[in-house]
Amino acid sequence: MRGHSQWRISWPGGLPKWFLLYLFLPILAVAFLNFVVECEAHGQAQAELLSAWQEHSIAQEHSTQLAATSTTSTADRLPNHYLMLVNTAMASQMDAPKMAQFDHSPYDGLAVSFAGGYDTSPVLSVAPMQAQIASWKKSTTKDIWPWVYLNRMIGANDTEGNPLTQVPYFQRFQGLDLEVKAGAQKDFLEIWRNALRLAKETGVPGIVCDLEFYNNYKAYDLAELARMTSMSQEDVLTALRQVGARMADISAAEYSGATIWFLFTGFTRSEYRVIEGRPYYLAATYIVEGLLDQIQRQHLPLRVLTGGEVGLGYCHNSVDDLRKAIEKRAAIFGPLLQKYDGILELAGTMTLWSDRPAKKNWVAQGACGTSSAETVEDLVPYMELLLRTYRFNWLYGSPNGGYFAFQSTSAPRFDAAIRQAKERAFGATVRRPEF
């Protein structure tokens, strides 16, 4: 072999070079090995440092991309115009025929509760809810939004005489479970978490949240809530905001890009209670404030819609009155929309009735009772104005107005009126059902 023959050159003394090299080879090998080990150790340290830096850079880049993607997807999950039906739909009462009837409607989505406002049963896991939605999806292509109630963590007020609160679960604490002692807040947050998981798994834009204090309306009053919980007013405010912050953290962790659709937030009631010359919101509003602040502080990819149940209301005497209410609400929310730019957006709402004789209970009272609109057809201009004003709207379909959205004897008339309002608002033909 040519390479090997080069080592056979003779040295002085007659020993061939290759023999001397053979003697020193182990020493050279050890020295070389030590050098290699040192180099490798140094190189590994540099590589680890470089790798850590690269991973940090990649993580930062990924985080930025995720935030950008999530923000984009948050906007993309809801089209420019979205209409949702809210009518206290309970999952236990829904079936394929009802969903099929709803599928013929001009709505984009439906809010469905898997645990009612007064439910105290163990928190339902995601799997059975997901299976139920899967069965409904055989009858409708529309979005099914999980609907959760804050009432789960509100204690009973016996003086209000609500028989639905006369259960041990709601009797074991006063006001709200702000100190997480009764387990009610823990249950609510678990319901909240599972609703978000369900929304993500089923591909709907988000969840619906009802903040109404059904168990105890006096607890809206901050001073009363402080008395009920034996906490100072400042501690109550802090605790309420902390609940909202937890809701925000859970939302981002479970469903990045989700929309949280509150039926109301109460920001228009800035002087619901004046204590020692200082105005306070509804207690529920501070939960939303805590949620919004956490989203903003942590740059969480979430969108919040404030539904208008309180600030706008369900009924108006005339279209002009509705227009004035919209303008008043916009003025009040102006600073908040600027503060929470890119996070908070206004949604609109109203209720419908078939005709005046069908009105009963709350639909026969107040502005609903005195409205100049005699029929659902007369409500078309109201709906048109609402749809033109807000990108996202929800209609409260109440039997108290003779509206039964899942019955073929009632729904088509309302569907036709809603469809007409959409066509007038958007100037395009709305898809009609195929029977």
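Everything numeric in this text was worked out from a predicted model, so none of it was measured.

Undergrad: Explanation requested: the environment of P168 in the structure shown.
TA: Locating P168 in the fold gives a position in helix α5 (residues 168-171). Classification of P168 by relative accessible area gives exposed; the value is 69%. Separated by 48 residues in sequence, P168 and T120 place their C-alpha atoms 9.3 Å apart.

Undergrad: Would you mind going over the state of the cysteines with me for this structure?
TA: Put plainly, two cysteines are in a disulfide when a covalent bond ties their sulfur atoms together. Inspection of the entire model under this criterion finds one disulfide. Here C315 engages in a disulfide with C368; their sulfurs sit 1.8 Å apart. The S-S bond linking C315 to C368 shows a torsion near 80°; that makes this disulfide right-handed. Residue C315 is located in the loop between β8 (303-306) and α10 (319-339), and its partner C368 is located in helix α11 (residues 366-370); the two are separated by 53 residues in the primary sequence.

Undergrad: I keep staring at the sheet that holds strand β2 (residues 109-113) and nothing clicks. Help me out?
TA: Picture the strands of a sheet paired through backbone hydrogen bonds; they go either parallel or antiparallel. If you trace the nine strands from one edge of the open sheet to the other, you get β9-β8-β5-β4-β3-β2-β1-β11-β10, paired in parallel fashion. Each edge of the open sheet carries a strand with a single partner, namely β9 (344-346) and β10 (348-351). Ignoring which end each strand starts from, the neighbouring axes of this sheet average 30° apart. The pairing of β10 with strand β11 (residues 392-396) spans four bridges and is parallel. Its bridge partner being in β11, T351 is matched across the sheet by Y396.

Undergrad: What exactly am I supposed to notice about the pairing of β8 here?
TA: Looking down a regular strand, the side chains alternate between one sheet face and the other. Burial along β8 is two-sided: the residues R303 and L305 and V304 and T306 are all buried. Summarising the sheet, strand β5 (residues 259-262) and β8 pair through four bridges and their orientation is parallel. Bridge assignment links T259 to a residue of β8, and that residue is R303. Note: β8 against β9, three bridges, orientation parallel.

Undergrad: Which parts of the structure should I look at to understand helix α13 (residues 411-426)?
TA: The α-helix winds at 3.6 residues per turn, so residues separated by three or four positions along the chain end up facing the same way. Taking 1.5 Å per residue as the helical rise, α13 with its 16 residues ought to reach 22 Å, and the 22 Å between its terminal C-alpha atoms agrees with that figure. Those residues of α13 not exposed but buried are A411, F414, D415, A417, I418, R419, A421, K422 and A425. Buried residues along α13 sit against β1 (82-90), α3 (96-103), α12 (380-389) and β11.

Undergrad: Got a minute to help me understand the packing of α10 against α12 in this structure?
TA: Packed helices, taken two at a time, are described by their axes: the angle between them and the distance between them. Running from N to C, α10 and α12 cross one another at 20°; their axes reach a closest spacing of 9 Å. It follows that α10 is roughly parallel to α12 by the angle criterion. Considering how the two elements wind past one another, α10 and α12 form a crossing that is right-handed. Between α10 and α12, the residues in contact are V319, L322, R323 and I326 and P381, Y382, L385 and T389, respectively. Per-class residue counts for the contact of α10 with α12 are six nonpolar, one polar and one charged.

Undergrad: Explain the side chain of T268 to me, please; I cannot follow it from the model alone.
TA: Tracing the chain through its elements places T268 in the loop between β5 and β6 (273-275). Looking at T268, the relative accessible area reads 18%, which means it is buried. Setting aside its immediate chain neighbours within four residues, T268 contacts V310, G311, R329, I332 and F333.

Undergrad: Sorry if this is basic, but what is going on with helix α9 (residues 283-298) here?
TA: Taking 1.5 Å per residue, 16 residues should reach 22 Å; α9 reaches 23 Å between its end C-alpha atoms and fits that length. Counting buried positions along α9 yields 13 of 16 residues, so the element is predominantly enclosed. Once α9 finishes, H299 follows within two positions and takes phi at roughly 55°, a positive value.

Undergrad: Looking at this structure, how should I read the pattern of salt bridges?
TA: Opposite charge on two side chains makes pairing possible when the charged atoms of those side chains draw close. Counted by the stated rule, this structure contains 19 salt bridges. For R152, the salt bridge identified is with D187, shortest N-O distance 3.3 Å. Of the two residues, R152 sits in the loop between β3 (143-149) and α5 while D187 sits in helix α6 (residues 184-202), which places them 35 residues apart along the sequence. Exposure class is identical for R152 and D187. Each is buried. Beyond isolated ion pairs, a larger network of salt bridges with shared partners links E190, R193, R197 and E254.

Undergrad: I tried to follow unusual backbone geometry on my own but got confused; where do I start?
TA: Most peptide bonds take the trans configuration, and most residues that are not glycine carry a negative phi. In this model, V180 sits at a positive phi of 55°, which is unusual for a non-glycine residue. As for its placement among the helices and strands, V180 is situated in the loop between α5 and α6. V180 gets classed as partly exposed once you look at its relative accessible area, which sits at 41%. One non-glycine residue, E276, lies in positive phi territory at about 50°. If you trace the backbone, E276 turns up in the loop between β6 and β7 (278-280). On the basis of relative accessibility, which here comes to 82%, the residue E276 falls in the exposed class.

Basis of the calculations
Numbers given for residues are sequential positions, taken from 1 along each chain in its written order. Totals for whole chains, interfaces and linings use all residues, but because this is a predicted model, local features are given only for residues with pLDDT of at least 70 and pairs of side-chain atoms are given and counted only at 80 or more. Side-chain numbers here rest on the full set of heavy atoms in the structure, without hydrogens or water. Strands are runs of DSSP state E lasting at least two residues, helices are runs of H or I lasting at least four, and both sets are numbered from the N terminus onward. The cut-offs for exposure are 20% and 50% of the maximum accessible area for each residue type, with area from a 1.4 Å probe on protein chains only; residues under the lower value are buried, those over the upper are exposed, and the others partly exposed. Criterion for a disulfide: a pair of cysteine sulfur atoms within 2.5 Å. For two strands to pair, DSSP has to find at least two bridges joining them. Structural elements are reduced to axes, namely lines fitted to C-alpha atoms, with helices fitted over the stretch in contact, and the angle between N-to-C directions of any two is expressed from 0 to 180 degrees. The length a helix should cover is 1.5 Å for every residue beyond the first. Working rule for contacts: check all heavy atoms of both residues, and any pair within 4.5 Å makes them a contact. Here roughly perpendicular refers to angles of 65 to 115 degrees, roughly parallel to angles under 35, roughly antiparallel to angles over 145, and oblique to all remaining angles. Here is the rule for handedness: rotate from the far helix to the near one, and if that takes an anticlockwise turn smaller than a right angle the crossing is left-handed, while a clockwise turn gives right-handed. Each residue is assigned to one of three groups, with Ala, Val, Leu, Ile, Met, Phe, Trp, Tyr, Cys and Pro labelled nonpolar, Asp, Glu, Lys and Arg labelled charged, and all others, Gly among them, labelled polar. The term salt bridge refers to a side-chain nitrogen of Lys or Arg lying within 4 Å of a carboxyl oxygen of Asp or Glu.

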